[in-house]
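# Structural description and commentary
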Protein chains: 2
Amino acid sequence: MNGLGEIMSNKQSRRVTLMEVANHAGVSRATASLVARNSTKISNDTKEKVLQSMKELGYVYDRIAANLRSQTSTTIGIIITDVANTFFSELLLGVHQELEKFGYTVFLGTTFDSVDNQVKLISTMLEHRVGGIILCPVSSTSTETIERVQNIDIPMVVAVRELPFIETNYVGLNYTQGAKKATSYLLEKGHTRIAFLGGRSESSTWHERIEGFYQAHQNAGINVDSSLIVDSSPTREGGIEAVQTIINHPNRPTAIFCFSDMIAFGVIIGLRKAGITPGEDIEIVGFDNVPETEIVYPPLTTVSSFPQQIGAEAANLLHKKMTSDTNEKERIILQPELVKRDK
Amino acid sequence: MNGLGEIMSNKQSRRVTLMEVANHAGVSRATASLVARNSTKISNDTKEKVLQSMKELGYVYDRIAANLRSQTSTTIGIIITDVANTFFSELLLGVHQELEKFGYTVFLGTTFDSVDNQVKLISTMLEHRVGGIILCPVSSTSTETIERVQNIDIPMVVAVRELPFIETNYVGLNYTQGAKKATSYLLEKGHTRIAFLGGRSESSTWHERIEGFYQAHQNAGINVDSSLIVDSSPTREGGIEAVQTIINHPNRPTAIFCFSDMIAFGVIIGLRKAGITPGEDIEIVGFDNVPETEIVYPPLTTVSSFPQQIGAEAANLLHKKMTSDTNEKERIILQPELVKRDK
DNA sequence: TTGAAAGCGCTACCAA
DNA sequence: TTGGTAGCGCTTTCAA
């Protein structure tokens, strides 16, 4: 119920109704309805007649009314934090490809990483009777938000970022493993002073990564210098900011492991501005393997996080939950891969 | 009526209704409805009572039912060809930022550049009673498709690509001007053999660009070698393909004007694979100024096509058409800018 | 196979 | 300010 008063709405033009189609075709409304739903219990003759009338009158099926009556839903909602981030647009691609197969129509919401927006979007989607929700939660999502959806008993799949203290269907990546692989790669190349830049330290995805970062160091018997760990917003701008600390560091690292490719791009820009050559003076590794990593310079070694697959898995899991009625929660964790790119 | 039978739908859990809220609060359904809509004609006392009941019962407003009764819509649809293309995700960003202000919830559809998908998506959205549609049409959109929407009298804004032979609201860019600027830039740098790569030659956006390409040549008094014009699908893969012709050309051009940045990225990859250094052996100019052009190597000079503004303008225009009832069509054409980037 | 009547959850309209 | 009644466009249910 947040501020219904302010919501925009607009008059619609009158549509042709099923009743009118029925009259035009000389059958009852129920018969016309059966034809609209492609029922097999209608003689070919009447079917043709009705279809013809629909065409002539320009009839458009009112799925909203149908869903209301039959208490069903043909829509799902997907909520992401940022469309302009290729990670999420790739994820969206995966979701779309899967869900359109099943015939769902998808509501898209963008939170711009704001909790308020997220709450509002979830409300609006519930009010629009979505049959299910895929949520890529903002960092500081409250348990209450999730419980609200669970109480209404609408299937939800949380993707990308896992929420603490609450059991949900979840599709994500083994970030710890990914960070470990990336860090080990740098350590094996002989780096001993590695920075970890970017990402919000309150998010689970950050914690999992830092965990892998430490594990790799431990395996190699090398200590982590915690002054080389700098968090930031998970955007390119965040990367530009975070790298300043490194540039001004009295004892500069020789390599940087970035929270994400977006961060890495910011880091590259920031280093260049400071006259430091990324890839030569300082080695950089990213995370996500977004398409741009192929064409960026220096070529970016990164960890593939398979956003499209995450999207596809989330979509399938949601569909599964929407069509079965067990309340069991599932977790799907994809394994990351290191993508080495040399100059 | 395309294949209603195959459409997935799923049972929803029973919701708390306004009637139940009314009973719980000891008021009539009409009163509860007024509270839900934040009417001023309700005493604070009853309002509080009703709101309290809503909270206790976990009431969720059913906007679908409300819209059905009041013949309104709070949704709009946006149809794009490809989410993974940053041009479109930036456009989407602009649309979202504007439309969420007005309180619309947005349906997203992706055509993957298929006419069939486009027709299906438009149908589904109409069936879901969208109040308006923003359409970034696929290359070979039929007049019929557009007329279908116009007949139902639902406002539509066509964006990015203009359709011939049909009057619609349109938001786009002066592509001719952009192509002319880019080509002139290359000509002024002394290039006399310039290729034009990528894009579908049946689309208006291609024609407008080639027009600018020719105009620039004419102004400079230089002839165009039409064997250097190669079309392709408007994707990175398309760019990789198209550049093959240039690589194998007996008389190679010294510069390439690419249909889009996506094409340019493909061209860069293709040239590198063939052992040709982009930016040195052959100069490249793109079109769109997608964010990646900042970090790509070689730095890409490009034409800014302001996707986010296009999205925002389209959203505003749609809102305007949805709230006024003139049937007048408007055209908004943004002016492109050349963004020079040096190595 | 077709038809008549009831009702999904809400708002509009009129009366009190 | 509040309440009763009708009805948005469709499906459901039962009878013919």
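What counts, and where the lines are drawn
- Residues numbered from 1 in each chain as written.
- Chains lettered and ligands numbered in written order.
- Predicted model: local features only at pLDDT ≥ 70, side-chain atom pairs only at ≥ 80, totals over all residues.
- Heavy atoms only, no water.
- Least-squares fit on C-alpha atoms with pLDDT ≥ 70 in both.
- Contact = heavy atoms within 4.5 Å.
- Domains from an automatic or database assignment.
- Near = heavy atom within 4 Å.
- Polar contact = N/O pair within 3.5 Å; in protein donor to acceptor, adjacent residues only side chain to side chain.
- Helix = DSSP H or I, 4+ residues; strand = E, 2+ residues; numbered from the N terminus.
- Pairing = 2+ DSSP bridges.
- Axes fitted to C-alpha atoms, helices over the stretch in contact; angles between N-to-C directions.
- Salt bridge = Lys/Arg side-chain N within 4 Å of Asp/Glu carboxyl O.
- Buried < 20%, exposed > 50% of the residue type's maximum accessible area, 1.4 Å probe, protein only.
- Parallel < 35°, antiparallel > 145°, perpendicular 65-115°, else oblique.

## What to know about the relation of the copies chain A and chain B
Expressed as a screw transformation, the operator carrying chain A onto chain B has a rotation angle of 180° and an axial translation of 0.0 Å, and the superposed copies differ by an RMSD of 0.1 Å. Both chain copies can therefore be described as sitting about a two-fold axis. Most of the interface of chain A is mirrored in chain B: 100% of its interface residues are interface residues there too.

## Thoughts on the domain arrangement of chain A
Often the size quoted for an interface is simply the accessible area lost on bringing the parts together. Once the domains are mapped, chain A shows domain 1 (4-61), domain 2 (73-172 + 307-333) and domain 3 (175-304). Put simply, the middle of domain 1 of chain A and the middle of domain 3 of chain A, counted by C-alpha atoms, are 59 Å apart.

## Section: the protein's contact with DNA strand C
Taken together, 26 residues are adjacent to DNA strand C, and A:Arg69, B:Leu18, B:Arg29, B:Ser33 and B:Tyr59 come closest. The backbone of A:Lys41 places a nitrogen or oxygen atom 3.5 Å from a sugar or linking oxygen of DNA strand C. Here B:Tyr61 contributes a side-chain N or O atom positioned 2.6 Å from a phosphate oxygen of DNA strand C.

## Observations regarding the side chain of A:Thr205
Considering the arrangement of structural elements, one finds A:Thr205 in helix 9 (residues 204-220). Looking at A:Thr205, its side chain comes within polar contact range of the side chain of A:Ser203, at 3.0 Å.

## Things to note about the sheet that holds strand 4 (residues 105-110) of chain A
Judged by pairing direction, the sheet is mixed, and its 12 strands sit side by side in the order 13(A)-7(A)-6(A)-5(A)-3(A)-4(A)-4(B)-3(B)-5(B)-6(B)-7(B)-13(B) without closing on themselves. Of all strands in the sheet, those with a lone pairing partner are strand 13 (331-334) of chain A together with strand 13 (331-334) of chain B, marking the two edges. Strand-to-strand, the axes of this sheet are offset by a mean angle of 20°, without reference to chain direction. Bridge analysis of strand 7 (residues 169-173) of chain B against strand 13 of chain B gives 4 bridges, and the strand direction is parallel. Counterpart to B:Gly172 in the pairing with strand 13 of chain B is B:Ile333.

## Observations concerning the pattern of salt bridges
Taken as a whole, this structure holds 18 salt bridges over all chains when the rule is applied. Among the ionic pairs, A:Arg236 bridges to B:Glu294, the shortest N-O distance being 3.1 Å. Of the two residues, A:Arg236 sits in helix 10 (residues 236-247) while B:Glu294 sits in the loop between strand 11 (283-285) and strand 12 (302-304), which places them in two different chains. Judged by relative accessible area, which is 15%, A:Arg236 ranks as buried. For the salt bridge of B:Glu162 with B:Arg331, the shortest nitrogen-to-oxygen distance reads 2.4 Å. With B:Glu162 in the loop between strand 6 (156-159) and strand 7 and B:Arg331 in strand 13, this pair connects stretches of sequence that are 169 residues apart. Connected via shared salt-bridge partners are A:Lys320, A:Lys321 and A:Glu330.

## As for the packing of helix 2 (residues 29-36) of chain B against helix 3 (residues 44-57) of chain B
All names here are of chain B. Two elements in contact, helix 2 and helix 3, have axes separated by 10 Å at closest approach and are oriented at 85°. As far as their axial angle goes, helix 3 and helix 2 are roughly perpendicular. Every residue of helix 3 that contacts helix 2 at Ala32, Val35 and Ala36 is listed here: Lys47, Val50, Leu51 and Met54.

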